[in-house]
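Observations on the three-dimensional arrangement
In case you want the letters, here they are:
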Amino acid sequence: MSEDILFDFLHSEIVNYCLNNNNKENDFSSLEYIGFNTGYRLIERLTRDVPRFKDELETMKFICTDFWTLIYKKQVDNLRTNNHGMYVVQDRAFRFLTRISTGTKQLEHAPKFVFFTCGLVRGALTNLGINSTVTAEVQTIPACKFHIEINRN
Amino acid sequence: MAVCISIIGKDNAPLYLTTADMDKELELQYRVHAALDVVEEKCQPISKATPESKELYLGMLYSTETHKIYGFVTNTKIKFVIVVDSGNIALRENEVRAMFRNLHMLYTDAVCNPFYAPGEPLASKKFDRAVQKIMGGNA
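All residue numbers refer to position in the chain's written sequence, counted from 1. Starting at A for chains and at 1 for ligands, labels are handed out in the order in which the entities are written. This being a predicted model, a pLDDT of at least 70 is required before a residue's local features are given, and a value of 80 or more before pairs of side-chain atoms are given or counted; all residues contribute to the totals for chains, interfaces and linings. For the side-chain quantities, the full set of heavy atoms in the structure was used; hydrogens and water were omitted.

1. A few points about the sheet that holds strand β2 (residues 86-91) of chain A
All names here are of chain A. To be explicit about the condition: Think of it this way: DSSP has to see at least two bridges between two strands before they count as a pair. Strands are runs of DSSP state E lasting at least 2 residues, helices are runs of H or I lasting at least 4, and numbering of each runs from the N terminus. Note on geometry: axes are lines fitted to C-alpha atoms, helical ones only across the stretch in contact, with angles between N-to-C directions running from 0 to 180 degrees. The contact criterion used is simple: two residues touch if any of their non-hydrogen atoms lie within 4.5 Å.
An order of β1-β2-β4-β3 is seen for the 4 strands of this open sheet, with the pairing classed as antiparallel. Either end of the sheet is taken by a strand with one partner, and the two such strands are β1 (78-81) and β3 (132-137). The mean angle between the axes of side-by-side strands here comes to 15°, regardless of whether they run parallel or antiparallel. Judged from the 6 bridges that link them, β3 and strand β4 (residues 144-150) form a sheet pairing that is antiparallel. Each bridged residue has a counterpart across the sheet, and for V134 the counterpart in β4 is I148. The sheet contacts of helix α5 (residues 115-127) involve β3 and β4, and relative to β3 the element is tilted by about 155°.

Printed below as a string of C-alpha cells:
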C-alpha cells in the first residue's frame, strides 16, 4: 500500500500550498477549484468501462461506491436522500481526517481537509451532467458528512 | 480503415475532426453532423429499457451509398463518430468497437492533461498522431 500514502502527502501539500501561499487563512476557493478540476478530468477516466447511468440516483450510487473506493479505498458508510435533490453522504472514517487527533482544538482545522473533496465530488458530478453545490460538515473527527444539493433550473 | 474520426463535445461543439482524404473533408463533416441527430435519438432516456441502451457503443447510426457511420457516447456526453467506407466489407463490427475503445482511451488521456482546458478543441500533436494510427488500422 505504499502508493496510497503518496496521495495523502500530496493532498496535505496542496492544502498547505493553497492556504499558506497568499496568507489567506480562510480562503478555501482555490482548494475547492483544484478539487473540481481533478474530479472533472478524473471522472472521464473512471467511467470509461461503466455502463451508462440511468438517472441521478444511479450516478450518486456510483460516486458513493466505485468513485469513493477508487480514491479513498473504502465505500461511504451512509447515503441518504430526500428525493428532492438533496443527498447526504456520510463517511465515519474519512481518509484525510483519520490521521488527526480527536479534540476541539483539532476540530478547528478540520475544514481545510475536506474542501478538496467537496470540489472533487462537484467536478465529477458536473462532468456527468449534474449541477450541484457540495458542502461538508465535521462534527467529530474522523467522521465527515457531505451535503450535496442538486441545482435544477 | 476509417475515413473520418471525429469527437464532439457535450454541447455539440466539434472538438476534433480528422479525415483520411483532405479533399473530402467537407462532405465527411456533413456526414458527421447529420449523425448527431441519430445520436440524440438513441440517447433519449424515454426509449424502452433495452439492454443494449446502457452500452456506450451505439452501433451503426446510418449508412449511405458510400459510407457507414458509427457512434459512441461516453458517460460524460462526449460523442465519438467514425465514418467508414461502405466498400470495406472486410471490416467487422468488433474492429469498430475496438477503434472506439482505443479512441476513448486516447481521449481520457488527453483530458487528464492539465494543460488542456475541457471544452476546447483538441490540438495536441501526440493525440493527433495516435488517432491517425487508429484511422490507419494499426493501433
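2. Structural notes on the confidence of the model for chain B
Put simply, the rule is: Looking at any residue, its pLDDT shows the predictor's confidence there, from 0 to 100.
Considering every residue of chain B, the mean pLDDT works out to 85; 92% of them sit at 70 or more. Our summary of model confidence lists the complex with pTM equal to 0.86 and ipTM equal to 0.82.

3. Looking at the pattern of salt bridges
To keep things clear, this is the line we draw: Just to be clear on terms, a salt bridge is a Lys or Arg side-chain nitrogen sitting within 4 Å of an Asp or Glu carboxyl oxygen. Categorising residues by exposure relies on relative accessible area from a 1.4 Å probe, with only protein chains included: less than 20% of the type maximum marks a residue as buried, more than 50% marks it as exposed, and the intermediate range marks it as partly exposed.
Across all of its chains, the model carries 9 salt bridges over all chains by this definition. One salt bridge connects D91 of chain A with K74 of chain A, and the closest N-O pair in it is separated by 2.5 Å. One end of the pair, D91 of chain A, is in strand β2; the other, K74 of chain A, is in the loop between α3 (56-72) and β1, and 17 residues separate them in sequence. With a relative accessible area of 22%, K74 of chain A lands in the partly exposed category. Note that E27 of chain B and R31 of chain B form a salt bridge whose closest N and O atoms lie 3.7 Å from each other.

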